[in-house]
Amino acid sequence: MKPRNPLCIALLAYPGMNLIDLSGPLQTFVSAGRVAASAGVSDPRPLYEVRVLSSAGGALMTGAGLSVETEALEALDQLDIDTIIAPGGSVGERFDADPALVAWIKQHAGRARRVCSVCSGAFLLAEAGLLDGKRVTTHWDWALRLQQQFPAIEVDPEPIFIRQGDIWTSAGVTAGIDMTLALVEQDYGHKVAIATARQLVMFIKRPGGQSQFSVPLVSQSSENARFAELHAWIASNLKHDLRVENLASRVNMSPRTFARTYVAEQGRTPAKTVEAMRLEAACRALEETDLPLKSIATETGHGEEQNLRRVFQRQLGVSPAQYRSRFSAH
């Protein structure tokens with residue numbers, strides 16, 4: 001059997017980048033190597049050789065105020081590069097792509113098996129012309145700017161990461177870890193990826209299709225925080241009777257006044273918020289557990305299993321079973 005060589009990972013770096021966009025993927029690759037033996041990889045050779053590159057090499061300052069040591073771009077000129085990862089981060093409201101990094105990406109993307117971005121690192125790949133005609137994601141706060149600056153790209157601000165052939169893009173900060181776990185799974189299988197997630201003390205290895213937006217979090221992010229406590233209570237009591245009358249009593253308002261005020265401040269009815277929270281909870285249960293659909297329907301406030309099926313078909317266009325087969329870690 002031919003010996004397995006470590007996969008060479010090129011992590012790009014530049015002044016002002018997000019530290020976690022670099023350290024998250026870096027630590028994930030390192031942790032994968034640490035758990036390899038326990039996850040069934042018998043070859044003792046390292047899984048990855050991770051190199052951190054910048055246009056000039058040497059120390060550079062990240063946006064977090066911590067300096068990192070880097071190698072010059074030409075350090076990998078004679079090596080077989082498996083994966084290139086471009087991190088995000090910017091000192092201002094505009095992403096100014098380093099021309100040297102863009103030129104290097106253009107030159108070496110064809111040599112690499114995969115090219116990836118974390119957060120606003122998608123701007124680097126876009127400047128290099130790698131994203132035209134592709135569906136990509138980035139941090140939700142940069143999505144509109146990416147779309148406006150590069151209209152040939154289809155920017156989807158929802159998923160935590162997207163794979164389009166050999167191009168991978170991920171949402172902000174910690175989503176880079178989720179994407180890197182998916183890369184590890186592609187390279188060495190599910191057991192290694194799950195063992196790595198456990199080593200990182202991650203609650204779950206999230207699928208790429210999971211949304212960047214938590215319904216309870218978004219609901220509590222309104223400029224008017226009047227209903228923040230109510231939203232937290234709803235999220236913790238999904239199987240209770242959550243009709244308008246009962247919600248109104250929680251905030252000491254009449255049902256009519258509550259319904260009118262809620263729509264004015266939240267932009268949707270209380271019933272729509274409850275439905276969205278129940279759907280998100282059902283999605284998480286399908287992803288993270290092997291509970292039967294009947295139990296999930298009860299625990300998430302849908303009551304009957306048939307009601308759960310109707311909601312999934314109406315909102316997501318798939319059945320709960322199809323959703324589980326696509327996104328479950330089990």
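Residues numbered from 1 in each chain as written. Predicted model: local features only at pLDDT ≥ 70, side-chain atom pairs only at ≥ 80, totals over all residues. Heavy atoms only, no water.

1. What to know about the overall build of the chain
Looking only at helices and strands, the chain has 14 helices and ten strands in total. Here the C-alpha coordinates of the chain stretch approximately 70 × 45 × 35 Å along the principal axes. Taking contacts inside the chain between residues at least 6 apart in sequence as the whole, the part at least 24 apart equals 65%. As presented, the chain carries roughly 16000 Å² of accessible surface, and 52% of it is formed by carbon and sulfur atoms. Each charge class in the chain was averaged separately, 34 positive and 35 negative side chains, and the resulting centres sit 7 Å apart. (Helix = DSSP H or I, 4+ residues; strand = E, 2+ residues; numbered from the N terminus. Contact = heavy atoms within 4.5 Å. Areas by Shrake-Rupley, 256 points an atom, 1.4 Å probe, with all protein chains shown as cover. Lys, Arg positive; Asp, Glu negative; His and termini not counted. Charge placed at Lys NZ, Arg CZ, Asp CG, Glu CD.)

2. Let's talk about the pairing of strand β4 (residues 67-72)
Moving residue by residue along a regular strand, the side chains alternate between the two faces of the sheet. Bridging between strand β2 (residues 48-54) and β4 involves two bridges; their strand directions are parallel. Paired with S54 across the strands is A72, a residue of β4. Two strands pair when backbone bridges link them, and strand β3 (residues 58-61) and β4 are joined in this way by four bridges, in the antiparallel orientation. Within β4, the position partnered with M61 by the bridge is S67. (Pairing = 2+ DSSP bridges.)

3. Here we look at unusual backbone geometry
Of note, C119 is a non-glycine position whose phi angle comes to about 60 degrees, a positive value. Tracing the backbone shows C119 in the loop between β6 (114-118) and α3 (122-127). The buried category is assigned to C119, whose relative accessible area is 4%. (Buried < 20%, exposed > 50% of the residue type's maximum accessible area, 1.4 Å probe, protein only.)

4. As for the pattern of salt bridges
Evaluation of the coordinates by the stated rule reveals 16 salt bridges. Residue R284 is joined to E287 by a salt bridge in which the shortest nitrogen-to-oxygen separation is 3.4 Å. Taken as a pair, R284 and E287 lie in helix α11 (residues 270-288) at a separation of three residues, close to a single helical turn. Assigned by exposure class, R284 and E287 land together as buried. (Salt bridge = Lys/Arg side-chain N within 4 Å of Asp/Glu carboxyl O.)

5. Things to note about the packing of α11 against helix α13 (residues 305-315)
Viewed as axis vectors pointing N to C, α11 and α13 meet at an angle of 100 degrees, and their least axial separation amounts to 11 Å. Viewed along their axes, α11 and α13 adopt a mutual orientation that is roughly perpendicular. On the side of α11, the interface is formed by E275, L279, A282, C283 and L286, while α13 contributes L308, V311, F312, R314 and Q315. Partitioning the contact of α11 with α13 into residue classes produces seven nonpolar, one polar and two charged. (Axes fitted to C-alpha atoms, helices over the stretch in contact; angles between N-to-C directions. Parallel < 35°, antiparallel > 145°, perpendicular 65-115°, else oblique. Nonpolar A, V, L, I, M, F, W, Y, C, P; charged D, E, K, R; others polar.)

6. Some points on helix α5 (residues 175-188)
Quick reminder: α-helices carry 3.6 residues per turn. Residues three or four places apart thus point the same way. Along its 14 residues, α5 runs 20 Å from first to last C-alpha, staying within 8% of the 20 Å computed at 1.5 Å per residue. Among the 14 residues in α5, twelve count as buried, and that is most of the element. Taken as a whole, α5 has its buried residues at A175, G176, I177, D178, M179, T180, L181, A182, L183, V184, D187 and Y188. Looking at the residues trailing α5, positive phi occurs at G189, about 100 degrees. (Expected span 1.5 Å × (residues − 1).)

7. With respect to the environment of P159
Of note, P159 is situated in the loop between β8 (154-155) and β9 (161-164). Between the C-alpha atom of P159 and that of T28, which follows or precedes it by 131 residues, the distance is 20 Å.

8. Things to note about the nonpolar core
Formed by 68 residues in total, the largest nonpolar core has its most connected members in Y48, W104 and L124. C283, L286, A297 and L308 belong to the second-largest nonpolar core, a separate cluster that totals 14 residues. (Core = buried A, V, L, I, M, F, W, Y, C linked by side-chain atoms within 4.5 Å.)

9. Things to note about the environment of R309
The topology assignment puts R309 in helix α13. A sequence separation of 241 residues divides R309 from V68, and the C-alpha atoms of the two residues are 50 Å apart. Residues contacting R309, with those up to four places away along its chain left out, are L293 and P320.

10. Describing the side chain of T169
Along the chain, T169 turns up in strand β10 (residues 167-170). By relative accessible area, T169 is classed as buried at 1%. A distance of 3.0 Å separates a polar atom in the side chain of T169 from the backbone nitrogen of T137. Leaving out residues up to four positions away in the same chain, T169 has contacts with S117, L131, V136, T137, F161, I162 and M179. (Polar contact = N/O pair within 3.5 Å; in protein donor to acceptor, adjacent residues only side chain to side chain.)

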